[in-house]
There are 2 protein chains.
Amino acid sequence: MVSTPNQLDATAVATETRAGRLSVREVAQSVLERIELRDPAVRAWSHLDPEAVLASADGLDGRETRGLLHGVPVGVKDVINTRDMPTEHHTARYVGSVPGVDAACIDTLRSAGALLVGKTVTTEFAATNTGGPTRNPHDPERTPGGSSSGSGAAVADLQVAVALGTQTGGSTIRPASFTGVYALKPTWNSISREGLKMYSATCDTLGLYARSGRDLALLADVFHLDEPDRPLPTSLAGLRVGLCRTPAWDLAEPATREALATAAGVLRDGGAEVAELELPEIFEELPTVHRRILRREGRSAFLNEHLASPDLPAFFHEMVLGTDTVDSIGWPTGTPDVADFRAAYRVADRCRALYDDVASPFDVVLTPSAPGEAPIGIGNTGSSVFNSLWTLLQVPVVNVPGLVGPAGMPIGVSIVGRRYQDRLAVACAGLLGAAVAARTDDVAPSLPAMAAFR
Amino acid sequence: MVSTPNQLDATAVATETRAGRLSVREVAQSVLERIELRDPAVRAWSHLDPEAVLASADGLDGRETRGLLHGVPVGVKDVINTRDMPTEHHTARYVGSVPGVDAACIDTLRSAGALLVGKTVTTEFAATNTGGPTRNPHDPERTPGGSSSGSGAAVADLQVAVALGTQTGGSTIRPASFTGVYALKPTWNSISREGLKMYSATCDTLGLYARSGRDLALLADVFHLDEPDRPLPTSLAGLRVGLCRTPAWDLAEPATREALATAAGVLRDGGAEVAELELPEIFEELPTVHRRILRREGRSAFLNEHLASPDLPAFFHEMVLGTDTVDSIGWPTGTPDVADFRAAYRVADRCRALYDDVASPFDVVLTPSAPGEAPIGIGNTGSSVFNSLWTLLQVPVVNVPGLVGPAGMPIGVSIVGRRYQDRLAVACAGLLGAAVAARTDDVAPSLPAMAAFR
């Protein structure tokens, strides 16, 4: 028996449980103890029923066939339907609401033998930047990011090995950067979004959190992501990496500038070729295009909520009625009409086709995950300015953890692939993460904020 | 009291019920009588509980506020979640399954006061061309089309005024053409798809059936479709119409060629300018691109079903595993790899942006709805070759009924708009439909197949 199964990554848990050296009940007990210890400080969960978790664990222990995720503890963002737990979207109307059918991703996780632990805190409908109760495990005064606040925090805090998030702007990658874990925002819809709350059909993507690169590769197996069209790399040597500062570079804080430079240095030290990728001028329109598309698609997505819930925050009503003057992150929306929306889609279409060309000389692209370390305060979950571009382009993005900013907080960098090259992006991110960890151990031996709980 | 409320269109029902001249119970009774009479021949319903319908009607009669669709009887395709009726997807695993939460569109319909009558027959997961039990109301030996078989048939047969369908290839427009009703496949995601079974995230669209152009305009109000960016036309005079035969023209049967020519003539007689719209060469790739995208997105969409339901038809398993050699309509799939999928998305992106330009000289485009009249036999629901192009382009399409083919069966034509110009397309379709009806009354006074039941 492993003494603290909650500390294991998913690959290790599944290896032990499948071999019969660890029971799922032991995993469940360890995870529940960790949550009991840490929940008052972190508050990652919107629903947790310890008795139900133990019952599920016993059910899994009784199974004859053991799936790829046998007994792996998973947290589920509370905008994803679960037939045996409430799905509340952090909004008044759905308190206690239990969908009768699992989301497709939950169904797949059950087939793989995952242990569903509970629902994690989201911002309202995963559509706002208004933080819930969750705190950053590395510093309770700071946001864990959002909207997948609870999922990022629970994985970072060793409460679960894996968690599900979603991303419409930067809702998966940003919390990963702020809390120091791996995350994959896969190619748009390469994992089914059926059974998830919608906001933007163009941008909404299921996201995955884990504490190791190999876990993301395991999850790529579980979710049957595409077979690679070339052998996956086993070292950094010879990798062709595009360094993309994006049109948002002016908003990068010193911590992010340094993190990107450090990551590029680690890649070069490992033998990768790192060259600048300057995006064509039309890409400068994408931040505006992203906001326009969310605004139009939010109008459709929240129409039924607008009609049924007069008490919703004004943001939702105004988005549906087209009377909003600022968007979810406080930027002016202007007064776009149908022609503006159509133009926005046209630019997005063109950029998506174009990106596939401009990225083709590279295996992957290196780019920031967030403007800096997690901001102080939990009322606002931070900026998605370095994520929304890639979300709109529908390409796979992996957050690589391991770097630390001046405040001692984690800071991630992103590895971006072309559409359906998720496994290549995951492999490169894992190699970079390992190299970063090796270097960090050398240069920055102590991580004070992390030492507090690990 | 109106003697046969089931014959009224939605606008007439709502006008009467809102004014208090007709009770919703009377509507329900009339509809249930019609269904009782005709269901043995048409078989449009997968779930119908008359007592529950009457109870809903009484509930609506007791409401103080009366919505835009107060008491309008609506059929719901059985891939759309309803919290008080099963949602079975015409597949074994979901027999008796009741989702705990309504799809967003159902929620909106309830807010508008619609009378939800029951669930209508779909092909399995709305993904195959294998017909269910539903027959074409105009000729029981012929298919009503699919996959929204029951919805098209129920509206055509005066069993409900409105029905919901979905379209991934031609699943809304084709049944409308075959059964002789209006249908709107709106701009992609301009009506929320939350709570619907997914197949292709790129193509899946909620569809609407009705028996009049004004009903589609009413539904555009209910679903809060975009405000028009110019005054809507009130006559055909001066309309600029592009005539688009599409790259599939070789597959158009004489009936469709004649229908398109007749519709163009009606438009010209009404004072519209009709000019050829020749699509750029790259559009010839779209049929292949559409099939590739469905194949890749079906892999994600049906992964959970593949894992949980070994008894599913081989088509679904093979699509997930990439071992399929023919697609859902029997065409060879080839052996596309990731690069082929990526190329397919690139072509789709380019065509979407390009179409917006080439369509800009026109108000709307006129194009076929189907290769011909409804084929004989109910085992196969027919071809989507004239629909999949527009579905992939994500533009609004309206089927205009009123024309009749050589076998005496209905044959529709499509009016296509640019993205988010749904109301313009609906208005033009209504004007064309009225002009066609006027002409048909003159040229073809009797519709033998329709006379049998109207």
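Everything here concerns the structure above.
A few points on the structure. (Residues numbered from 1 in each chain as written. Chains lettered and ligands numbered in written order. Predicted model: local features only at pLDDT ≥ 70, side-chain atom pairs only at ≥ 80, totals over all residues. Heavy atoms only, no water.)

1. Quick word on the packing of aromatic side chains
Residues and elements named next belong to chain A.
Thinking step 1. Per the stated rule, a full pass over the model turns up 17 aromatic pairs over all chains.
Thinking step 2. Judged by centre distance (5.5 Å) and plane angle (80°), the ring pair of Phe125 and Phe316 falls under edge-to-face. With Phe125 in the loop between strand 3 (115–120) and helix 5 (149–156) and Phe316 in helix 11 (residues 314–321), the pair connects residues that are 191 residues apart, well separated along the chain. Neither Phe125 nor Phe316 differs from the other in exposure class; each is buried.
Thinking step 3. Here the aromatic residues Tyr94, Phe125, Tyr199, Phe302, Phe315 and Phe316 are joined through ring pairs into a cluster of three or more.
Thinking step 4. Directly above the aromatic system of Trp249 lies the positively charged group of Arg245, at a separation of 5.4 Å from the ring centroid. (Phe/Tyr/Trp six-rings, centres within 6.5 Å; stacked < 30°, edge-to-face > 60°. Helix = DSSP H or I, 4+ residues; strand = E, 2+ residues; numbered from the N terminus. Buried < 20%, exposed > 50% of the residue type's maximum accessible area, 1.4 Å probe, protein only. Lys NZ or Arg CZ within 6 Å of the ring centre and 35° of its normal.)

2. Comments concerning the relation of the copies chain B and chain A
Thinking step 1. Relative to chain A, chain B is turned by 180° and slid 0.0 Å along the rotation axis, the superposed coordinates differing by an RMSD of 0.0 Å. What the superposition gives is, in effect, a two-fold axis relating one chain to the other.
Thinking step 2. A share of 100% of interface residues in chain B that are also interface residues in chain A marks the association as one of identical surfaces. (Least-squares fit on C-alpha atoms with pLDDT ≥ 70 in both. Contact = heavy atoms within 4.5 Å.)

3. Focus on the state of the cysteines
All names here are of chain A.
Thinking step 1. Overall, the coordinates contain zero disulfides over all chains when judged by the stated rule.
Thinking step 2. No disulfide involves Cys105; its sulfur sits 18 Å from that of Cys203, the nearest cysteine.
Thinking step 3. Lacking any disulfide linkage, Cys351 is separated from the closest cysteine sulfur, that of Cys244, by 12 Å.
Thinking step 4. For Cys351, a relative accessible area of 0% translates into the label buried. (Disulfide = S-S within 2.5 Å.)

4. Examining the interface of chain B and chain A
Interface size is commonly expressed as the accessible area that is lost once the parts come together.
Thinking step 1. With 56 residues of chain B at the contact, the number on the chain A side is 56 residues.
Thinking step 2. Note on chain B versus chain A: buried area summed over both sides is about 5000 Å², and carbon and sulfur give 49% of it.
Thinking step 3. Sorting the residues of chain B by area buried against chain A places B:His224, B:Arg342 and B:Tyr420 first, and these three jointly supply 14% of that buried surface.
Thinking step 4. Scanning the region where chain B abuts chain A turns up 20 salt bridges.
Thinking step 5. As a salt-bridge pair, A:Asp349 and B:Arg352 come within 3.8 Å of each other at their nearest N and O atoms.
Thinking step 6. At the surface where chain B touches chain A, the tally comes to 32 residue pairs in polar contact (both at pLDDT 80 or more).
Thinking step 7. At the level of elements, helix 4 (104–111), helix 9 (286–301), helix 10 (303–308), helix 11 (314–321) and helix 12 (338–358) of chain B are the ones that each hand at least two residues to the side of chain B that touches chain A.
Thinking step 8. Ranked by residue count, the leading element in the side of chain B that touches chain A is helix 12 of chain B, at eleven residues.
Thinking step 9. Looking at the side of chain B that touches chain A, its residues break down into 24 nonpolar, twelve polar and 20 charged. (Buried area = accessible area lost by both parts, 1.4 Å probe. Salt bridge = Lys/Arg side-chain N within 4 Å of Asp/Glu carboxyl O. Polar contact = N/O pair within 3.5 Å; in protein donor to acceptor, adjacent residues only side chain to side chain. Nonpolar A, V, L, I, M, F, W, Y, C, P; charged D, E, K, R; others polar.)

5. Some points on helix 7 (residues 213–222) of chain B
Residues and elements named next belong to chain B.
Thinking step 1. Counting buried residues in helix 7 gives seven out of ten residues, a clear majority hidden from the surface.
Thinking step 2. Three or more residues of helix 7 are buried, namely Gly213, Asp215, Leu216, Leu218, Leu219, Ala220 and Val222.
Thinking step 3. Backbone geometry just after helix 7 places His224 at a positive phi near 55°.

6. Some thoughts on a negative patch on the surface
Thinking step 1. A surface patch of negative charge is lined by A:Glu278, A:Glu281, A:Glu284 and A:Glu285.
Thinking step 2. Judged by its relative accessible area of 70%, A:Glu278 falls in the exposed class. (Patch = residues over 30% accessible without salt bridge, like charges linked within 9 Å, V, L, I, M, F, W, Y side chains within 5 Å. Areas by Shrake-Rupley, 256 points an atom, 1.4 Å probe, with all protein chains shown as cover. Lys, Arg positive; Asp, Glu negative; His and termini not counted. Charge placed at Lys NZ, Arg CZ, Asp CG, Glu CD.)

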